[in-house]
Amino acid sequence: MVDQLSPTNSKRMITPPSYRATDPVRPPSAVAQNWLDRMSLRRKTALSAVVLSTVPIAAMGIASYFVANQAITQQVTSAQQLAATRLSDLISRYMAQRYADIQALSNFPMLTEATIRNPAVLAERNTALDRIAQSYAQYSQIAVFDLEGNAILQTGDRANSNQSNQDYFREAVRANRAAFSQPTVTADGKGSQVYLTAPVRDSQTGRTIAIIRATLPLEKLSEQLVTYTLIGREYSI
């Protein structure tokens, strides 16, 4: 059965429902402005007071941080300089002692006699030199050479070849005074060493008759030094 529309119903107009346009999105600044506009004068005054009291404190906090950081940096730098100075002084004192050693060794009476090369006393003097080396304990070898570089006396079992072509020996003969050589590699290639040299002078004439050499392994220097630890950094030899 078909429903027939009456004339009255046929004239009825169907109106679509009305739709409200969505409000446009306002930027945050506008929202904040409206929020401030709605705020009472009392609240605005209180907020201003809080802001004015907080900003200087924050600024002072930042300034204090930078001042404190600079002061700490200066303290660290000063402490490092002090540690380096103390380490340098320790090295200087140790090497000054070795310098005194070689001068004392060069003045031993058994070396300053003109009969130093007498075959009859060489074995006895070698034994005496071994005892001397043991008492000093810092040197891997002590040897005495004539001015042509030939070994006269020496400690240990390792024989020394002629030294006349070695830079340290030529300098020792030329300078004619106690000295340190530049560091050199040990014979086995596993370490470094320094030669301490001094002229041996005849006790009667004062003429230089030999060169004494004490071999100082740099390991001995390291053993005498303290490893410094400062602000996470290490200073060592």
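Here the structure is a predicted model, which means the values were calculated and not measured.

*Asks:* How would you summarise the packing of aromatic side chains if you had to cite specific residues and measurements?
*Replies:* Evaluated as defined, the whole model comprises five aromatic pairs. A centroid spacing of 5.9 Å and a plane angle of 85 degrees characterise the contact between Y99 and F180, whose relative ring orientation is edge-to-face. Placement of Y99 in helix α3 (residues 41-106) and of F180 in strand β3 (residues 179-180) is noted, with a sequence separation of 81 residues between them. Where Y168 meets F169, the ring centres are 6.3 Å apart and the plane angle is 80 degrees; that geometry is what we call edge-to-face. Per residue, the accessibility class of Y168 equals that of F169, and both read buried. Geometry around Y94 places R98 over its ring, the cationic atom sitting 4.6 Å from the centre. Across the ring face of Y195, the terminal group of R213 is positioned such that the distance to the ring centre comes to 4.6 Å.

*Asks:* Give a description of the environment of Q134 that names residues and reports values.
*Replies:* In this structure, Q134 sits in helix α5 (residues 119-136). Q134 sits in the exposed class, given a relative accessible area of 63%. Spatially, the C-alpha atoms of Q134 and T155 are 9.6 Å apart, while their sequence positions differ by 21 residues.

*Asks:* An account of the pairing of strand β6 (residues 208-217) is needed here, citing residue identities and associated values.
*Replies:* Counted residue by residue, β6 has ten buried out of ten residues, so it is predominantly covered. The pairing of strand β1 (residues 141-145) with β6 spans five bridges and is antiparallel. Across the sheet, the residue bridging to A143 is R213, located in β6. Relative to β6, strand β5 (residues 192-201) is paired through nine bridges, and the arrangement is antiparallel. When the bridges of β6 are listed, T197 appears paired with R213. In sequence, β5 turns back onto β6 through a hairpin of six residues, with G206 there showing a positive phi of about 80 degrees.

*Asks:* Now, about unusual backbone geometry: what can you tell me, with residues and values included?
*Replies:* Residues other than glycine seldom take positive phi values, yet A137 does so here, at roughly 65 degrees. The residue A137 is located in the loop between α5 and β1 in this model. The exposure class of A137 is partly exposed, given its relative accessible area of 43%.

*Asks:* Run through the side chain of S106, naming residues and quoting values.
*Replies:* Within the secondary structure, S106 is located in helix α3. From its side chain, S106 meets the backbone oxygen of Q103 in a polar contact 2.8 Å long. Apart from the residues within four sequence positions on either side, S106 is in contact with T112, A198, P199, V200 and I212.

*Asks:* So what's going on with the pairing of β1? Residues and values would help.
*Replies:* The buried count for β1 comes to five of five residues, which makes it a mostly enclosed element. The two faces of β1 match: Q141, A143 and F145 on one face and I142 and V144 on the other face are all buried. The loop that links β1 with its antiparallel partner strand β2 (residues 151-154) comprises five residues; one of these, G149, has a positive phi angle of about 90 degrees.

*Asks:* Tell me about the environment of N118, residues and numbers included.
*Replies:* Tracing the backbone through its elements, the reader meets N118 in the loop between α4 (109-112) and α5. On the accessibility criterion, N118 (33% relative accessible area) is partly exposed. N118 sits 34 residues away from I152 along the chain, and the two C-alpha atoms are 9.8 Å apart.

*Asks:* Got a sec to walk through helix α6 (residues 167-175)? Specific residues and values, please.
*Replies:* All buried positions along α6 are accounted for by Y168, F169, A172 and A175. One side of α6 carries all its buried residues, which in axial view fall inside an arc of 140 degrees. Residues of α6 that are exposed and point more than 90 degrees away from the buried face comprise D167 and R174. Residues of α6 that are buried make contact with β1, β5 and β6. Looking at the residues trailing α6, positive phi occurs at N176, about 55 degrees.

Definitions and limits used
In every chain, residue numbers begin from 1 and rise along the written sequence. In view of the model being predicted, local features appear only for residues whose pLDDT reaches at least 70, and side-chain atom pairs are presented and counted only at 80 or more, with totals across whole chains, interfaces and linings using the full set of residues. To get the side-chain values, all heavy atoms of the structure are used, and hydrogens and water are removed first. Classification of ring pairs uses Phe, Tyr and Trp, with its six-membered ring standing for Trp, and accepts pairs whose centres are within 6.5 Å; under 30 degrees between planes counts as stacked, over 60 as edge-to-face, and the remaining range as tilted. The numbering of helices and of strands both runs from the N terminus, where a helix is a DSSP run of H or I of at least 4 residues and a strand a run of E of at least 2. Accessibility here uses a 1.4 Å probe with only protein chains present; expressed as a share of the type maximum, an area under 20% marks a residue as buried, one over 50% as exposed, and anything in between as partly exposed. Criterion for a charge above a ring: Lys NZ or Arg CZ within 6 Å of the ring centre, and within 35 degrees of the ring normal. When DSSP locates at least two bridges between a pair of strands, those strands are taken to pair. Nitrogen and oxygen atoms within 3.5 Å of one another constitute a polar contact, given that in protein one can donate a hydrogen and the other can accept it, and given that sequence-neighbouring residues count only through two side-chain atoms. Two residues form a contact once any of their heavy atoms are found within 4.5 Å. An arc is given here, and it is the one of the directions from the helix axis to the C-beta atoms.

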